[in-house]
Amino acid sequence: MRLAKELWEYREMVISLVKRDLKSRYKGSVLGFFWMFLNPLLQLAVYTVVFSTILRAGIEQFYLFLFVALVPWIFFNTCLSAGTTVIFSQQDMVKKIYFPREALPLSFTISQFINMLLSFAVIFLVVLLSGRGLHLRALAFLPLVMAAEFLLALGTVYFVSALNVYFRDLEHILGIVSMAWMYLTPVLYSLDMVPQQYVGLFYFNPMTAVIISYRKILYDGVPPHMDTLLGSLAVGAAVLLAGQAVFGRLQRHFAEEL
């Protein structure tokens, strides 16, 4: 509660950091913010060609099956890999002025979340053009799924941003981890394709339930299973609390290590 109150007092700073991150990301680019929509579309095109033409997935409307999972995965993957640089990129601030250091991972995660929300405008358009349509009863659960993923992503950024200050190789290690994590998450394939004896192991991956919930809502047009959804929220909250605890402990010596 003390941290929440302090972050609220510094909310203008958080908002300013979010705005600066969004503006600087595509500064000088000819297409500017259009890259927010173009990046997932280009990745979608590549994966669709590979898995629909070369490595035939055998999934109806595979482009849509993939797209509704790919955009959320890009959000989480960016938080996992780029989250390591959050403290380093603002090290002058960390060394010279006082503010709750948690504001840095928070502002970074919010800016990435806004990117994902903007990309969802393209997802909705693709779903409508596919003929499947948007189902309001299912869409009512979408904010809860997004909240679960946001909690998970924020907790992850707390972990990796703090640990990378002390262990600089983490940034390079996570490049391999994120690639492996993607293939161990049912983004490019259906969980039904996994041998039955391994399905239980896949649910130890917190992103599995998140991706399945997105697909239920946007691809199947039905609400996600409540146990899956509630489990995602509980895991997201647990990761956030654990990540903040680690961050809070390690931040005491950030200035000395930078």
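Now for a description of the structure that goes with this document. Residue numbers run consecutively from 1 along every chain, following the written order of its sequence. Where local features are concerned, this predicted model is filtered to residues with pLDDT of at least 70; where side-chain atom pairs are given and counted, the filter is 80 or more; whole-chain, interface and lining totals use all residues. Hydrogens and water are ignored here; the side-chain numbers use all heavy atoms of the structure.

Strands are runs of DSSP state E lasting at least two residues, helices are runs of H or I lasting at least four, and both sets are numbered from the N terminus onward. The secondary structure content of the protein amounts to 13 helices and zero strands. Listing every helix and strand of the protein by position from the N terminus yields α-α-α-α-α-α-α-α-α-α-α-α-α. Radius of gyration here is computed from C-alpha atoms only, and the compact-globule reference equals 2.2 Å multiplied by the residue count raised to the power 0.38. In terms of overall dimensions, the protein is globule-like: its C-alpha atoms have a radius of gyration of 19 Å, near the 18 Å expected for 258 residues. Principal axes of the C-alpha set define a box for the protein whose edges measure 55 × 45 × 35 Å. The cut-offs for exposure are 20% and 50% of the maximum accessible area for each residue type, with area from a 1.4 Å probe on protein chains only; residues under the lower value are buried, those over the upper are exposed, and the others partly exposed. Looking at the protein as a whole, 47% of its 258 residues qualify as buried. Any two residues whose heavy atoms approach within 4.5 Å at even a single point are treated as in contact. Counted over contacts in the protein with a minimum sequence separation of 6, partners at least 24 positions apart contribute 79%. With 19 positive and 15 negative side-chain charges, the protein shows a separation of 5 Å between the mean positions of the two kinds. Under this rule, positive means Lys or Arg and negative means Asp or Glu; His and the chain ends count for nothing. One atom stands in for each charge, and that atom is NZ of Lys, CZ of Arg, CG of Asp or CD of Glu.

Approximately 310 Å³ is the volume attributed to the largest pocket. Within the residue set of the lining of the largest pocket, elements represented by two or more residues are α10 (196–202) and α11 (206–220). Here the element with the most residues in the lining of the largest pocket is α11; it accounts for five residues. All residues other than Ala, Val, Leu, Ile, Met, Phe, Trp, Tyr, Cys, Pro, Asp, Glu, Lys and Arg, Gly among them, are scored as polar; the first ten of these are nonpolar and the last four charged. Residue classes in the lining of the largest pocket are distributed as eight nonpolar, two polar and four charged. Cavity: a set of points on a 1 Å grid over the protein atoms alone where a 1.4 Å probe fits but cannot get out. Pocket: an open set with protein on both sides within 12 Å along at least five of seven lines, its lining residues, like those of a cavity, having an atom within 4 Å of a point. Grid points are joined across faces, edges and corners, and a volume is the space filled by probe spheres set on the points.

This next bit is on the side chain of S130. Among the structural elements, S130 can be located in helix α6 (residues 103–130). Owing to a relative accessible area of 13%, S130 belongs among the buried residues under this scheme. Setting aside anything within four residues of it in sequence, one finds S130 in contact with Q61, Y63 and L64.

Nonpolar cores were defined as sets of buried Ala, Val, Leu, Ile, Met, Phe, Trp, Tyr and Cys residues, with membership established by side-chain atoms within 4.5 Å. By size, the foremost hydrophobic cluster in this structure holds 72 residues, and its most contacted members are F120, V187 and Y214. Of the residues forming this core, the biggest block, 13 residues, is contributed by helix α4 (residues 62–82). Setting aside chain neighbours within four positions, we find V187 in contact with F65, L66, A69, L70, W73, M182, I211 and R215.

Fair warning: the whole summary comes from geometry, so function is off the table for now.
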